Amino acid sequence: MEALIAKVNAFLSQFCIVCKVPCDKQMHFICGLVIAALLTPFIGAYSILAVSTIAILKETYDYEYKSIHTPDFWDWAATTLGGILGTVIVSLF
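The rules we used
Residues numbered from 1 in each chain as written. Predicted model: local features only at pLDDT ≥ 70, side-chain atom pairs only at ≥ 80, totals over all residues. Heavy atoms only, no water. Helix = DSSP H or I, 4+ residues; strand = E, 2+ residues; numbered from the N terminus. Expected span 1.5 Å × (residues − 1). Bend = angle between axes of the 7 residues up to and from the residue. Buried < 20%, exposed > 50% of the residue type's maximum accessible area, 1.4 Å probe, protein only. Contact = heavy atoms within 4.5 Å. Phe/Tyr/Trp six-rings, centres within 6.5 Å; stacked < 30°, edge-to-face > 60°.

Undergrad: How would you summarise helix α2 (residues 23–43) if you had to cite specific residues and measurements?
TA: Taking 1.5 Å per residue, 21 residues should reach 30 Å; α2 reaches 29 Å between its end C-alpha atoms and fits that length. The largest bend in α2 amounts to roughly 30° and is located at Ala37, with the proline Pro41 lying one to four residues further along. If you check which residues of α2 are buried, you get Lys25, Gln26, Met27, His28, Gly32, Ala36 and Thr40. In this fold, the buried residues of α2 make contact with α1 (2–13), α3 (46–64) and α4 (73–92). A positive backbone phi angle near 60° is found at Gly44, which sits one or two residues after α2.

Below, the structure is given as C-alpha coordinates:
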(Lines give C-alpha, C1' and ligand atoms only; values in the text may rest on other atoms or scores of the structure.)
Protein backbone atom coordinates (compact mmCIF):
# COMPACT_ATOMS: atom_id res chain seq x y z
CA MET A 1 0.00 0.00 0.00
CA GLU A 2 2.83 2.40 0.84
CA ALA A 3 4.36 1.78 -2.60
CA LEU A 4 1.05 2.65 -4.27
CA ILE A 5 0.73 5.84 -2.23
CA ALA A 6 4.30 6.82 -3.16
CA LYS A 7 3.53 6.33 -6.87
CA VAL A 8 0.33 8.38 -6.64
CA ASN A 9 2.21 11.15 -4.80
CA ALA A 10 4.94 11.17 -7.44
CA PHE A 11 2.32 11.38 -10.21
CA LEU A 12 0.34 14.18 -8.55
CA SER A 13 3.50 16.14 -7.73
CA GLN A 14 3.92 16.74 -11.45
CA PHE A 15 0.82 18.94 -11.40
CA CYS A 16 1.87 21.18 -8.51
CA ILE A 17 2.24 24.76 -9.58
CA VAL A 18 4.78 27.15 -8.18
CA CYS A 19 2.91 29.38 -5.75
CA LYS A 20 2.70 30.05 -2.03
CA VAL A 21 0.41 27.06 -1.46
CA PRO A 22 2.48 24.00 -0.50
CA CYS A 23 2.49 21.15 -3.01
CA ASP A 24 0.99 18.84 -0.38
CA LYS A 25 -2.10 21.04 -0.06
CA GLN A 26 -2.37 21.31 -3.84
CA MET A 27 -2.38 17.52 -4.09
CA HIS A 28 -5.12 17.29 -1.43
CA PHE A 29 -7.14 19.84 -3.38
CA ILE A 30 -6.70 17.93 -6.66
CA CYS A 31 -7.65 14.62 -5.03
CA GLY A 32 -10.79 16.15 -3.52
CA LEU A 33 -11.72 17.67 -6.87
CA VAL A 34 -11.24 14.40 -8.75
CA ILE A 35 -13.12 12.28 -6.21
CA ALA A 36 -16.04 14.73 -6.20
CA ALA A 37 -16.07 14.91 -9.99
CA LEU A 38 -16.33 11.12 -10.14
CA LEU A 39 -19.03 10.89 -7.45
CA THR A 40 -21.25 13.85 -8.36
CA PRO A 41 -23.01 12.20 -11.33
CA PHE A 42 -24.12 9.41 -8.99
CA ILE A 43 -24.84 11.11 -5.67
CA GLY A 44 -25.07 14.81 -6.53
CA ALA A 45 -24.17 17.33 -3.86
CA TYR A 46 -23.70 14.52 -1.34
CA SER A 47 -20.31 14.08 -2.99
CA ILE A 48 -19.10 17.04 -0.89
CA LEU A 49 -20.07 15.16 2.26
CA ALA A 50 -18.40 12.00 0.93
CA VAL A 51 -15.15 13.82 0.12
CA SER A 52 -15.12 15.57 3.48
CA THR A 53 -15.74 12.27 5.26
CA ILE A 54 -12.95 10.57 3.32
CA ALA A 55 -10.62 13.46 4.25
CA ILE A 56 -11.55 13.22 7.93
CA LEU A 57 -10.95 9.47 7.92
CA LYS A 58 -7.58 9.97 6.24
CA GLU A 59 -6.51 12.56 8.80
CA THR A 60 -7.75 10.31 11.63
CA TYR A 61 -5.59 7.53 10.19
CA ASP A 62 -2.64 9.94 10.07
CA TYR A 63 -3.29 10.88 13.71
CA GLU A 64 -3.29 7.23 14.78
CA TYR A 65 0.04 6.63 13.03
CA LYS A 66 1.88 9.86 13.88
CA SER A 67 5.24 8.13 13.69
CA ILE A 68 4.94 7.82 9.90
CA HIS A 69 2.21 10.37 9.01
CA THR A 70 1.41 13.97 9.86
CA PRO A 71 -2.21 14.81 10.66
CA ASP A 72 -3.16 18.31 9.53
CA PHE A 73 -6.42 20.26 9.65
CA TRP A 74 -5.40 22.11 6.48
CA ASP A 75 -5.10 18.82 4.57
CA TRP A 76 -8.76 18.18 5.39
CA ALA A 77 -9.69 21.74 4.42
CA ALA A 78 -7.86 21.56 1.07
CA THR A 79 -9.43 18.21 0.21
CA THR A 80 -12.90 19.46 1.10
CA LEU A 81 -12.45 22.68 -0.89
CA GLY A 82 -11.39 20.61 -3.89
CA GLY A 83 -14.50 18.49 -3.38
CA ILE A 84 -16.70 21.57 -3.36
CA LEU A 85 -15.16 22.88 -6.57
CA GLY A 86 -15.37 19.46 -8.25
CA THR A 87 -19.04 19.17 -7.37
CA VAL A 88 -19.81 22.67 -8.64
CA ILE A 89 -17.97 22.14 -11.92
CA VAL A 90 -19.68 18.82 -12.67
CA SER A 91 -23.07 20.19 -11.62
CA LEU A 92 -22.75 23.11 -14.04
CA PHE A 93 -22.11 20.81 -16.98
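And the narrative resumes.
Undergrad: Quick rundown of the packing of aromatic side chains? Include the residues and the values.
TA: When we look at a pair of aromatic rings, we describe it by the centre distance and by the angle of the planes. Taken as a whole and assessed by the stated rule, the structure comprises three aromatic pairs. Between the aromatic rings of Tyr61 and Tyr65, the centroid separation amounts to 4.8 Å while the plane-to-plane angle is 40°, which identifies the pairing as tilted. Exposure remark for Tyr65: the relative accessible area of 43% places this residue in the partly exposed category. An aromatic cluster is built from Phe73, Trp74 and Trp76, whose rings are joined through pairwise contacts.

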